[in-house]
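Chain by chain, the residues:
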Amino acid sequence: MQNRNCPIGCLNSQYVEDNFNRLLLYTTMAFFLFLVIVLIVFGYTPQNDSEGYIEHALLCLKAGQPYPCEYSIVGQPFIWNIGQINLIALSLKLFGSFYPVLIVMCAMKAATLWLVGKLTRHIFSPATALLAVVLYFLYPNNWGQSTMLLSEIPMVFFGLLSLWLALRYDKTAILFLSGLLMAVANWFRPVAMIYFGSLLLYLLIFFPKTALRRLPALALGYVFMIIIIGSSCYLRTRHFVYQSETLWFNMSEAIYETSSEPHYDTEMFPKGTPRYIENMQEKTCFQCDSIWRERSIEWLRTHPLDYLKKIPTRLAYLLYSDIDNIAAFSADKSNAADNNVTLPYRNMITQFGSLSGVQRLATISLLFYYALLLMAAAAVFSMLRRRRFRQLFLPLFILVGGSLAIVLAVHGEPRFKAPLMPFLFMLAAAVRKSN
């Protein structure tokens, strides 16, 4: 029976919302099952970083302490992604295997699809959200990521969950939880700060009246979790560490590199460069970090323009491709260093017939990626023309500001933009004229 206090529009709106939530749930479940099947069929995909995570996890298990422990500091160049290493260590301790982490990766990746839908619904509309979800599901580079033990999936999951809670709810307890989850995301990978900074600006610019009430709860949750993580590390190492510490390690390479492209399979500490430290194996990662920081700041102080000139090229390398996870479908994945897919970009047309199956899938994914970029550009142009700045701000600021922040700190490796990709799907779906 119709509620007399609710107009027809209210009922129709609730019907649309119920249908959207139901479709989103079914799609999320289907995506999870699909990712598990991919994992079962194609198996684990080793990567250089993830192999290092496993080594650190085993070392800390032997020491009987979480990462970082005092035994993982001396002779190591930096503190790596803490959350991911501890997640692997926990799985190894409880199950004697890291494969349960891969199932968790599948679940988090599927939950990220759900969050992309929820965030797009909040910013745009149910129809736009469903389009974003379909694009996310069909995108080939999303299929193989959960066969790897890298830190991007949990970072994106916790970061998007934090954003959604902060945008959707106004209760102090939930905002506190949102801030706490953002710190957890940062524990897995520090680029979560891109999300948090963008959220703070968004609230201050478009919701100034409520922002002053909401921001303290967000900040308190964030700081509370940092204190918990950092204090735990201090008790073990006498160093207050709550996230990975790789900035000055990366920067020390950037101040002497002659090109802006990613440097694969090169010597990590070339003698005669600022990266090289005499007797580094006898020093702690904190001592190394201090040395690299001093050298980098001194160089940047006298050569700021030389560094900034590299940014456009590094940005191009960050954005030109997005096929890193296609290696999951390779026939032989035994060597972590070889688990990447290359394409003959300059001779693609003439050599297409000789491409392997994995290279053809990578080509499809690359064309899909370029289509997403074009759709997103068209959506941005349309929304700017219609002065829809509030809807545009958060996804566009994270994409543009996040890209610049990444290439200012590290070289432009395509994989590094993984935390930004959910917002590309949101903007691409927003190309719909009905928005």
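Preceding block: the structure.
Residues numbered from 1 in each chain as written. Predicted model: local features only at pLDDT ≥ 70, side-chain atom pairs only at ≥ 80, totals over all residues. Heavy atoms only, no water.

Participant: Which residues make up the packing of aromatic side chains, and what values go with them?
Facilitator: Applying the stated rule across the entire model yields 34 aromatic pairs. The interplanar angle of 80 degrees and the centroid separation of 5.5 Å between the aromatic rings of F34 and W143 together place this pair among those described as edge-to-face. With F34 in helix α1 (residues 8–42) and W143 in the loop between α5 (126–138) and α6 (152–168), this residue pair connects regions lying 109 residues apart in the sequence. Put simply, the rings of F31, F34, Y136, F137, Y139, W143, F368 and F425 pair up and form one aromatic cluster. For the cation-ring pair, R168 lies above Y169, with the distance from its terminal atom to the ring centre recorded as 5.0 Å. (Phe/Tyr/Trp six-rings, centres within 6.5 Å; stacked < 30°, edge-to-face > 60°. Helix = DSSP H or I, 4+ residues; strand = E, 2+ residues; numbered from the N terminus. Lys NZ or Arg CZ within 6 Å of the ring centre and 35° of its normal.)

Participant: Please give an account of helix α15 (residues 357–385) that cites residues and values.
Facilitator: If you check α15, its first and last C-alpha atoms are 42 Å apart, about what 29 residues at 1.5 Å a residue would give, namely 42 Å. Phi turns positive one or two residues past the end of α15, at R387, with a value near 60 degrees. (Expected span 1.5 Å × (residues − 1).)

Participant: Outline the nonpolar core, listing residues and values.
Facilitator: Core analysis: the largest hydrophobic core is formed by 138 residues, its most contacted members being L160, L163 and Y195. What L160 contacts, discounting residues up to four positions off in sequence, is T112, L115, V116, L119, Y195, P422 and F423. (Core = buried A, V, L, I, M, F, W, Y, C linked by side-chain atoms within 4.5 Å. Buried < 20%, exposed > 50% of the residue type's maximum accessible area, 1.4 Å probe, protein only. Contact = heavy atoms within 4.5 Å.)

Participant: Before we move on, could you go through the pattern of salt bridges and cite the residues and values that matter?
Facilitator: Following the criterion strictly, the structure yields eleven salt bridges and no others. Taking the shortest distance from any N to any O, the salt bridge between D49 and R415 comes out at 3.0 Å. Of the two residues, D49 sits in helix α2 (residues 48–63) while R415 sits in the loop between α16 (389–409) and α17 (421–429), which places them 366 residues apart along the sequence. Residue D49 is classed as partly exposed on the basis of its relative accessible area, which comes to 24%. Via salt bridges that share partners, D49, E152, R189, E413 and R415 belong to a single interconnected network. (Salt bridge = Lys/Arg side-chain N within 4 Å of Asp/Glu carboxyl O.)

Participant: Give me the state of the cysteines: which residues, what numbers.
Facilitator: Applying the stated criterion across every chain yields a total of zero disulfides. Looking at the unpaired C69, the closest cysteine sulfur is the one in C60, lying at 3.4 Å. In this structure C285 is a free cysteine whose sulfur lies 7.5 Å from that of C288, the closest cysteine sulfur available. We classify C285 as buried; its relative accessible area is 2%. (Disulfide = S-S within 2.5 Å.)

Participant: How would you sum up the packing of α15 against α16? Please name residues and give values.
Facilitator: Between α15 and α16, the least distance of the axes is 9 Å, while the angle of their chain directions is 145 degrees. Here α15 runs over α16; the crossing is left-handed. Counting all contacts with α15, which are made through V380, M383 and L384, the residues of α16 involved are F389, Q391, L392 and L396. Considered class by class, the residues forming the contact of α15 with α16 number six nonpolar, one polar and no charged. (Axes fitted to C-alpha atoms, helices over the stretch in contact; angles between N-to-C directions. Left-handed = near helix turned anticlockwise from the far one by under 90°. Nonpolar A, V, L, I, M, F, W, Y, C, P; charged D, E, K, R; others polar.)

Participant: Quick one: what's the story with helix α3 (residues 82–95), residue by residue and with numbers?
Facilitator: Each turn of an α-helix holds 3.6 residues, which means side chains three or four residues apart point in the same direction. An ideal rise of 1.5 Å per residue puts 20 Å on 14 residues; α3 measures up with 20 Å between its terminal C-alpha atoms. For α3, the set of buried residues is I82, G83, Q84, I85, N86, I88, A89, S91 and L92. On the buried face of α3, the contacting elements are α2, α4 (99–123), α6 and α7 (172–188). Two residues or fewer after α3 comes G96, characterised by a positive phi angle close to 70 degrees.

Participant: Can you explain the side chain of R275? Please cite residues and give values.
Facilitator: The residue R275 is located in the loop between α10 (247–254) and α11 (285–302) in this model. Look at R275 and you get buried, because its relative accessible area is 3%. Polar side-chain contacts of R275 include one of 2.9 Å to the backbone oxygen of M268. Among residues more than four places away in sequence, those in contact with R275 are F249, N250, S252, E253, Y256, M268, F269, P270, W292 and R295. (Polar contact = N/O pair within 3.5 Å; in protein donor to acceptor, adjacent residues only side chain to side chain.)

Participant: Let's hear about unusual backbone geometry: which residues, and what values?
Facilitator: Across the chain, the bulk of peptide bonds are trans and the bulk of non-glycine residues have phi less than zero. Put simply, Y67 and P68 share a cis peptide bond, and its omega is -5 degrees. Tracing the backbone through its elements, the reader meets P68 in the loop between α2 and α3. Despite not being glycine, R238 has its phi angle at roughly 65 degrees, a positive value. Tracing the backbone through its elements, the reader meets R238 in the loop between α9 (208–237) and α10. With a phi angle near 55 degrees, N279 is a residue other than glycine that sits in the positive phi range. With respect to the element layout, N279 can be found in the loop between α10 and α11.

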